[in-house]
Amino acid sequence: MYSHGDRRDIGHESAARRGPVHPDSTAARPQEAAGSIAAMMRTVQGAAGNAAVAQLAAGGWRSRSAGGVPAIQRAARAAAPSRTVQRAEEEATGGHGGMEWRAGGSIIGKPTNEVERDFYADMRAGKHPALDGVAPASYTAEQVEQKDGKKGDDATHIYIANLTSGMTKPKLLDIKVGESTASKQELLASMSKADAWKKKMKLKVADAVTGSASRGYRAVGGTGLKGKSRREIGRASEKIVGGFAEEGSVHDVLVEKLMHVREAAKSSGLAFIAASVLIAVDEEPAEGTSATSAKLNLIDFAHTFGPGRMSADQVKKYQQRFDQGMASLIEAVQAAGNTKAAPEPSA
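Visitor: Quick one: what's the story with the overall build of the protein, residue by residue and with numbers?
Guide: Secondary structure assignment for the protein yields 15 helices and ten strands. A total of 347 residues make up the protein; the buried ones form 51% of that total. Long-range pairs, those at least 24 residues apart, make up 72% of the contacts in the protein between residues at least 6 apart in sequence. Approximately 15,800 Å² of the protein is accessible, and the part contributed by carbon and sulfur atoms is 50%.

Visitor: Lay out the packing of helix H13 (residues 248–268) against helix H15 (residues 312–341) with the relevant residues and their values.
Guide: At a closest axis distance of 8 Å, the pairing of H13 and H15 adopts a crossing angle of 165 degrees. With respect to each other, H13 and H15 are oriented roughly antiparallel. Here H13 runs over H15; the crossing is left-handed. Taken together, the residues of H15 that come into contact with H13 (itself represented by Gly248, His251, Asp252, Leu254, Val255, Leu258, Met259, Val261, Arg262, Ala265 and Lys266) are Phe322, Asp323, Met326, Ala327, Leu329, Ile330, Val333, Gln334, Ala336, Gly337 and Lys340. Grouping the amino acids of the contact of H13 with H15 by side-chain chemistry returns 13 nonpolar, four polar and five charged.

Visitor: Which residues make up the confidence of the model for the protein, and what values go with them?
Guide: Confidence in the prediction for the protein averages 78 pLDDT; 70% of positions are at 70 or higher. The model gives residues 1–96 a pLDDT under 50, and that stretch makes 200 contacts with residues more than four places away or in other chains.

Visitor: Outline the pattern of salt bridges, listing residues and values.
Guide: Oppositely charged side chains can pair when the atoms bearing their charge come close. Under the counting rule described, the total for this entry stands at 16 salt bridges. Lys169 is paired through a salt bridge with Glu284; the nearest N and O atoms lie 4.0 Å apart. Of the two residues, Lys169 is situated in the loop between strand S4 (157–161) and strand S5 (170–177) and Glu284 in the loop between strand S8 (276–282) and helix H14 (290–293); the sequence distance between them amounts to 115 residues.

Visitor: Describe the sheet that holds strand S2 (residues 107–111), naming the residues involved and giving the relevant values.
Guide: Across the sheet, which stays open at both edges, the four strands sit in the order S1-S2-S4-S3 with antiparallel pairing between neighbours. This sheet does not close on itself; its edge strands, each paired only once, are strand S1 (100–102) and strand S3 (138–139). With five bridges connecting them, S2 and S4 associate as antiparallel partners. In the strand pairing of S4, Ile108 is matched with Ile160. The strands touched by helix H6 (residues 114–124) within the sheet are S2, S3 and S4, with S4 carrying the most contacts at an inclination of about 50 degrees.

Visitor: Now, about empty space enclosed by the protein: what can you tell me, with residues and values included?
Guide: Any empty space left between atoms is shown by rolling a water-sized probe over those atoms. On inspection of all chains with the given rule, the structure shows two cavities of 30 Å³ or more. In this structure, the second largest cavity encloses a volume near 30 Å³. The wall of the second largest cavity is formed by Leu173, Ile175, Val241, Phe244, His251, Leu254, Ile279 and Val333. Elements that contribute at least two residues to the lining of the second largest cavity include exactly S5 and H13. Residues belonging to the lining of the second largest cavity are distributed by class as follows: seven nonpolar, one polar and no charged.

Conventions adopted
- Residues numbered from 1 in each chain as written.
- Predicted model: local features only at pLDDT ≥ 70, side-chain atom pairs only at ≥ 80, totals over all residues.
- Heavy atoms only, no water.
- Helix = DSSP H or I, 4+ residues; strand = E, 2+ residues; numbered from the N terminus.
- Buried < 20%, exposed > 50% of the residue type's maximum accessible area, 1.4 Å probe, protein only.
- Contact = heavy atoms within 4.5 Å.
- Areas by Shrake-Rupley, 256 points an atom, 1.4 Å probe, with all protein chains shown as cover.
- Axes fitted to C-alpha atoms, helices over the stretch in contact; angles between N-to-C directions.
- Parallel < 35°, antiparallel > 145°, perpendicular 65-115°, else oblique.
- Left-handed = near helix turned anticlockwise from the far one by under 90°.
- Nonpolar A, V, L, I, M, F, W, Y, C, P; charged D, E, K, R; others polar.
- pLDDT = per-residue confidence, 0-100.
- Salt bridge = Lys/Arg side-chain N within 4 Å of Asp/Glu carboxyl O.
- Pairing = 2+ DSSP bridges.
- 1 Å grid on protein atoms, 1.4 Å probe; cavity = no way out; pocket = protein on both sides within 12 Å on 5 of 7 lines; lining within 4 Å.
- Points joined across faces, edges and corners; volume = space filled by probe spheres on them.

Right under this line is the structure:
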């Protein structure tokens, strides 16, 4: 977790960040017809966890589509992993393969999509001044080659500053912001209508079972979270955020920085879907305190857009969702700081 989607502790700690995607196992169960309710329940359970199955069983999605397909079938199809469309998260974030530590570890190279590459190119060109110091600094492949002598490729990768560079013992937390991590309209810009619908539904299930839909944010990885599933981490987000640091002063500093990110996002004119706040603190700083070492960046811009790419209504809708998620996250961090700063009750 560096200045970007998944980073070093989530680089080797967080193969579990989003959890493994398992193939449909109905073939191994001949007693279950491929389209049977039992088979579909297993598909939803494997992709989204028991909470999704419980919600379906409780009747939350019993309505039928216009075509007469029960909602459980639609949810199962959405949850089933696509073998032809790469997951948006895998394309847009690091920690899943292809990550490179460059220039002595001060820069992260990450394969990503055209949207995120263009975003960072625009940042370097000064087109989003509101996000200066909020998004990580970025470099061209040529600039990185000048630092370490190794070639790169701007047509496939971004090269961004490592947030933990110079830290002795970094502790990291990656938090995805917004009640919804997918927009069908935005997905249609890069895939077919059918695939966009499947992706939207699959991520809608994930947003529900991890708590993003109700909370407005979710933890997706970090130091000490190795081996936990995406659902488990997401559902424990408030506890994870509250326990990020022992000192209330760290949370106080983070509140100020998060408020700055929120205002910068509002001023940018952009909408952010599935963007994350990456937080880093040095638990053993060579100088100063953990609170003074605290840093954060807004990262993961593979699904970022403005009015030039999507309608004004879509931009406004996702700007509001991101802002509401940031407000909820700030409230949680602030509450944690207040709790740690409160004096112990007298005996």
